[in-house]
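# Observations on the three-dimensional arrangement
Spelled out, the chains give:
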Amino acid sequence: MILKRKSEPGPLAPKYPGIPVAVDGTTAVVEMETAASEGAGAYPITPSTQMGEGWAAAVAEGRTNVNGRTLLFFEPEGEHAAAAVTAGMSMVGLRAANFSSGQGIAYMHESLYAAVGKRLTYVLNIAARAMTKHALNVHAGHDDYHAIDDTGFFQLFAKDPQEAADLNLIAHRVAELALNPGVLAQDGFLTSHVIESIRLPERELVREFLGDPADLIESPTPAQRWVFGERRRRIPELFDLDYPAMLGVVQNQDAYQQGVAAQRPFYFDHVAEFTDRAIREYAALTGRRYARATGYRLDDAEWVLVGQGSVVANCEAVVDYLWATRGLKVGVLHVTMFRLFPAALLTHLLQGKQGVTVLERVDQPLAVEQPLLREIRAAATMALENGRAPAGRALPYRGLAAWATGEAPDFHSGTFGLGSRDLQPGDIVAAVQNMLEGGAHRRQFYLGIDFVRPQTRLPKLQIWQEQVLDGYPDIAGLSLTAATDVDLVSAGSTSIRIHSVGGWGAITMGKNLALTAADLFGLFIKANPKYGSEKKGQPTTFYATLAKEPIRLNCELKHVNVVLAPDPNVFRHSDPLAGLEREGVFVIQSNADGAELWRSLPSEAQQAIRDRSIRLYTLNAFNIAQDEASEVELRYRMQGAAFMGAFFRVSGLMQREGLDEAKLFAGIQKQLQKKFGKLGTQVVADNVRVIRRGFDEVRAVDLASLELAAAVPHAAPPMPGLLEDGRGQPGIGNQGRFWEQVCFLYKTGSDGIAD
């Protein structure tokens, strides 16, 4: 889904400034690939499935790329075969792409070595996902990304949808100059499914920057000239029936090593120069400048946070906060390229810093360090060896800095966000404090989880923790406790949280709400869903922020202005009022009148509403959907749409932006036509009516005459009878342990510790 935003080009706008739109990382990649490439082989696997679906949809529509060629798509029986299909397309001279994640990357692993050895040029787009270990998880992790870092693919990592679009084109350019396949990764769900305001590269830019795969170009290296001659096809036709050659032959002891070793000087050693060249060319056309590694506020920094992916933007926001509130000289290092590792750049950027914390969304427990820090330490060792080189002798590692012993920082390793575990700004602050004088100086730690939860009020948990500490006395130090709650939402922005149930249409409603607001008010947006792999029938949450300036924070929103609760049972499993600001707006699904709804709320919720002067509203969206849906199966899904109308009525956004109802509903009609137009005019009309009624029928609850219910003493929840049957035996299936270590914690509103 693409939504254009009003553009305000500056006086010195570049030739291709980009089209202001709001898209997620998946759409950014699909738009670039369908514009630039000719063929794709892919097999669906979450969370990259929608990339392949987007390509397949373009094929079904008969869409052509910027060179006027019809797109090709082949979906084989699995990811291993998909990699072979993509390789075949590349071998016959097509600009080709693949899309995959998680186990799909592991499955195709062996074929990637051969793609490199054959000097193919395709780009593998990864929505990075955690690998199945003790359990299945389909959410963000860098396991798959690092599973293939030995193959010879160059590897880029985008921190947001803007980078996903730009780096995709840069990756194709590098691959076709260096004759080396590449990977472009983004965090699964946390970038691939996050809608954000970006400047989408124009199709004219794609044509000029990448050219036609059939173009004849100057062979850019001596080795390529020796193989292809002074000029070669931009993407060589290696598999050519008119000029056949053997590829992928068998070699024995006498020949194999020579072929492996020769690729380093003749091909791999050119990747850095071609990456830098592609980046310069792209910046000249777009004004958007990248590098294999970039620093944020590094010049004056004494302490540095290093990362890849969506965590980088969070670190930048935290760093600004720490400079402004505490004067801490902290900077951020964004490692855009992991292979070829930018060792020279990093040694210059980190020289003389006091401390460096490397944050990684991966855990390789039997390795001496996590993969990114291992590379950084290796680069640091080389810089120290340069520093020890005798005067007058050439440095052993050309291009790297020469560090004196005192210029080497202390390194710390923080593992976070496995399986999309939320990382809050307070966790990042804790990682910084760990490095400072007076900090704990833990060299390896986890963020966002507890091995031991200090000062717990749950007796069962306290008893269990005492047993754990008795057996493992140092275990508490494996994680850092988050700093106090930090609110980094920009002033004047509107932050929204939606609580619903999978299959009730709230995720679609949230996206439409955010996109409509961005279009009507010219706002920047960042919007993302949170749901488990089970999806339908289970609780879902959606977050969105609307602001006058770009939004960096990418995490679950703990400070919000508006909460919408299409789920009428939300208080049974969540606290929807958590983090809702004073005089904030809370709209909940209910068919009851105000007094009856008030009596149904927990006493803690009533007290919170009174204490914070929260404005309480009700909406009977189920009744609206039942009346208006033309098809029975749409009733649940259209229930969520009514809350979109309620939001615009009660959030205050219309009034602040000076928008009247006519313009609002014209904008809503426009957005729904984009979203549902292909389903027919009836579906669009049904949704518009539901939203209109949500706008008209949301009702404020007059709290003045309503009394607070007596506080109910908290009682420990009893173990369900199905578990407490007296037949429990020691071992992994013990019902009592399962209740006390898992179920009991969730029942009391906590998540589990690491045990």
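Each remark here, short or long, concerns the structure printed above.
Thresholds applied
Residues numbered from 1 in each chain as written. Predicted model: local features only at pLDDT ≥ 70, side-chain atom pairs only at ≥ 80, totals over all residues. Heavy atoms only, no water. Helix = DSSP H or I, 4+ residues; strand = E, 2+ residues; numbered from the N terminus. Contact = heavy atoms within 4.5 Å. Areas by Shrake-Rupley, 256 points an atom, 1.4 Å probe, with all protein chains shown as cover. Lys, Arg positive; Asp, Glu negative; His and termini not counted. Charge placed at Lys NZ, Arg CZ, Asp CG, Glu CD. Salt bridge = Lys/Arg side-chain N within 4 Å of Asp/Glu carboxyl O. Expected span 1.5 Å × (residues − 1). Buried < 20%, exposed > 50% of the residue type's maximum accessible area, 1.4 Å probe, protein only. 1 Å grid on protein atoms, 1.4 Å probe; cavity = no way out; pocket = protein on both sides within 12 Å on 5 of 7 lines; lining within 4 Å. Points joined across faces, edges and corners; volume = space filled by probe spheres on them. Nonpolar A, V, L, I, M, F, W, Y, C, P; charged D, E, K, R; others polar. Axes fitted to C-alpha atoms, helices over the stretch in contact; angles between N-to-C directions. Parallel < 35°, antiparallel > 145°, perpendicular 65-115°, else oblique. Left-handed = near helix turned anticlockwise from the far one by under 90°. Polar contact = N/O pair within 3.5 Å; in protein donor to acceptor, adjacent residues only side chain to side chain. Pairing = 2+ DSSP bridges. Patch = residues over 30% accessible without salt bridge, like charges linked within 9 Å, V, L, I, M, F, W, Y side chains within 5 Å. Phe/Tyr/Trp six-rings, centres within 6.5 Å; stacked < 30°, edge-to-face > 60°. Lys NZ or Arg CZ within 6 Å of the ring centre and 35° of its normal.

## Comments concerning the overall build of the protein chain
Along the backbone of the protein chain there are 24 helices and 25 strands. Taken over the C-alpha atoms alone, the protein chain extends approximately 85 × 65 × 60 Å along its principal axes. At a minimum sequence separation of 6, the contacts of the protein chain that also span at least 24 residues come to 76%. About 33100 Å² of surface is accessible on the protein chain, with carbon and sulfur atoms providing 52% of the total. Taking the 75 positively charged and 86 negatively charged side chains of the protein chain as two groups, their mean positions are separated by 3 Å.

## Let's talk about the pattern of salt bridges
All told, the structure shown has 36 salt bridges when counted by the stated rule. In this structure, the salt-bridge partner of R693 is D627, at a minimum N-O distance of 3.2 Å. Placement of the pair is R693 in helix 23 (residues 681–697) and D627 in helix 19 (residues 621–628), with a sequence separation of 66 residues. A single network of salt bridges, built from pairs that share partners, joins D627, E628, D686, R689, R693 and E697.

## So, helix 2 (residues 49–60)
For helix 2, with 12 residues, the first-to-last C-alpha span of 16 Å sits near the 16 Å given by 1.5 Å per residue. Among the residues making up helix 2, those that are buried are T49, M51, G52, G54, W55 and A58. Where the residues of helix 2 are buried, they touch helix 1 (25–36), strand 3 (39–41), strand 4 (72–74), strand 5 (96–100), strand 6 (123–128) and strand 8 (182–187). Where helix 2 terminates, the next one or two residues include G62, which has phi positive at roughly 75°.

## Notes on empty space enclosed by the protein
Under the counting rule described, the total for this entry stands at four cavities of 30 Å³ or more. Its boundaries defined by the atoms lining it, the largest cavity holds a volume of some 60 Å³. Residue lining of the largest cavity: Q424, P425, V486, D487, L488, V489, L553, C555, E556, L557, K558 and H559, and that is the complete set. Class assignment for the residues of the lining of the largest cavity results in seven nonpolar, two polar and three charged.

## Considerations on the packing of helix 20 (residues 635–650) against helix 23
Where helix 20 meets helix 23, the axes come as close as 6 Å, and the angle between the chain directions of the two elements is 45°. Between helix 20 and helix 23, the angle falls in the class oblique. Remark: the crossing between helix 20 and helix 23 carries right-handed chirality. Between helix 20, through M638, A641, A642, M644, G645, A646, F648 and R649, and helix 23, the contact on the second element is made entirely by D686, N687, V690, I691, G694, F695 and D696. Looking at the contact of helix 20 with helix 23, its residues break down into nine nonpolar, three polar and three charged.

## As for the environment of V85
Along the chain, V85 turns up in helix 3 (residues 79–91). Each residue touching V85, except ones within four places of it in the same chain, is listed here: G41, F74 and P76.

## Focus on the side chain of K159
Mapping K159 onto the fold places it in the loop between strand 7 (154–157) and helix 6 (161–178). Here E316 takes part through its side chain, which lies 3.2 Å from a polar atom of the side chain of K159. In contact with K159, other than residues within four places in its own chain, are T191, G309, S310, V312, E316 and H334.

## Here's the deal with the pairing of strand 23 (residues 580–589)
Where burial is concerned, most of strand 23 is hidden: seven out of the 10 residues are buried. Where strand 22 (residues 560–565) and strand 23 come together, five bridges link them in parallel fashion. Along strand 23, the bridge assignment pairs V563 with F586. In this structure, strand 23 lies alongside strand 24 (residues 615–619), joined through five bridges in parallel fashion. Counted as the bridge partner of Q589 is L619 from strand 24.

## Some points on a nonpolar patch on the surface
The grouping of V92, F239 and L241 at the surface amounts to a nonpolar patch, some 330 Å² of accessible area in total. Counting through the fold element by element, V92 comes out in the loop between helix 3 and strand 5. Since its relative accessible area comes to 37%, V92 is described here as partly exposed.

## Some details on the sheet that holds strand 7
The strand order across the open sheet formed by seven strands is 4-3-5-6-8-7-15, and the pairing between neighbours is mixed. If you trace the sheet from one side to the other, it starts and ends with strand 4 and strand 15 (337–339), each paired once. Adjacent strand axes in the sheet meet at a mean angle of 20° when their direction is disregarded. For strand 5 and strand 6, the ladder comprises four bridges, and the chain directions are parallel. By the bridge assignment, S100 is partnered in strand 6 with I126.

## Describing the packing of aromatic side chains
Any two aromatic rings considered together are summarised by their centre-to-centre distance and by the angle between their planes. Taken as a whole and assessed by the stated rule, the structure comprises 12 aromatic pairs. A centroid spacing of 6.1 Å and a plane angle of 85° characterise the contact between W226 and F266, whose relative ring orientation is edge-to-face. Of the two residues, W226 is situated in helix 8 (residues 222–228) and F266 in helix 9 (residues 256–266); the sequence distance between them amounts to 40 residues. Members of the aromatic cluster, each reached through a chain of ring pairs, are Y145, F157, F338 and F341. The ring of F268 has R119 lying over it, and the distance from NZ or CZ to the ring centre is 4.9 Å.

## Focus on the pairing of strand 2 (residues 19–23)
By the criterion of burial, strand 2 is predominantly enclosed, with four of the five residues buried. Alignment of strand 2 against strand 9 (residues 195–200), held across five bridges, turns out to be antiparallel. Each bridged residue has a counterpart across the sheet, and for V21 the counterpart in strand 9 is I198.

## What about unusual backbone geometry?
Following T46, the chain continues into P47 via a peptide bond in cis, with omega recorded as 5°. By the secondary structure assignment, P47 is in the loop between strand 3 and helix 2. Following R339, the chain continues into L340 via a peptide bond in cis, with omega recorded as -5°. With respect to the secondary-structure elements, L340 resides in the loop between strand 15 and helix 12 (343–350). Here the phi dihedral of R119 falls at roughly 60°; this positive angle occurs in a residue that is not glycine. By secondary structure assignment, the location of R119 is in the loop between helix 4 (102–117) and strand 6. Taking relative accessible area as the criterion, R119 reaches 10% and is therefore assigned buried. A positive phi angle, close to 70°, is found at S420, a residue other than glycine. For S420, the location among the structural elements is in the loop between strand 17 (410–415) and helix 14 (425–435).

## Quick look at the packing of helix 1 against helix 6
Where helix 1 meets helix 6, the closest approach of the two axes is 8 Å, and the angle between their N-to-C directions is 30°. One finds that helix 1 runs roughly parallel with respect to helix 6. Seen from above, helix 1 lies across helix 6 with right-handed handedness. Side by side, helix 1 and helix 6 meet where G25, A28, V29, M32, E33 and A36 of the first sit next to P161, A164, A165, N168, L169 and H172 of the second. Looking at the contact of helix 1 with helix 6 residue by residue, the class counts come to eight nonpolar, three polar and one charged.

Shape is all these values report; function is a separate question.
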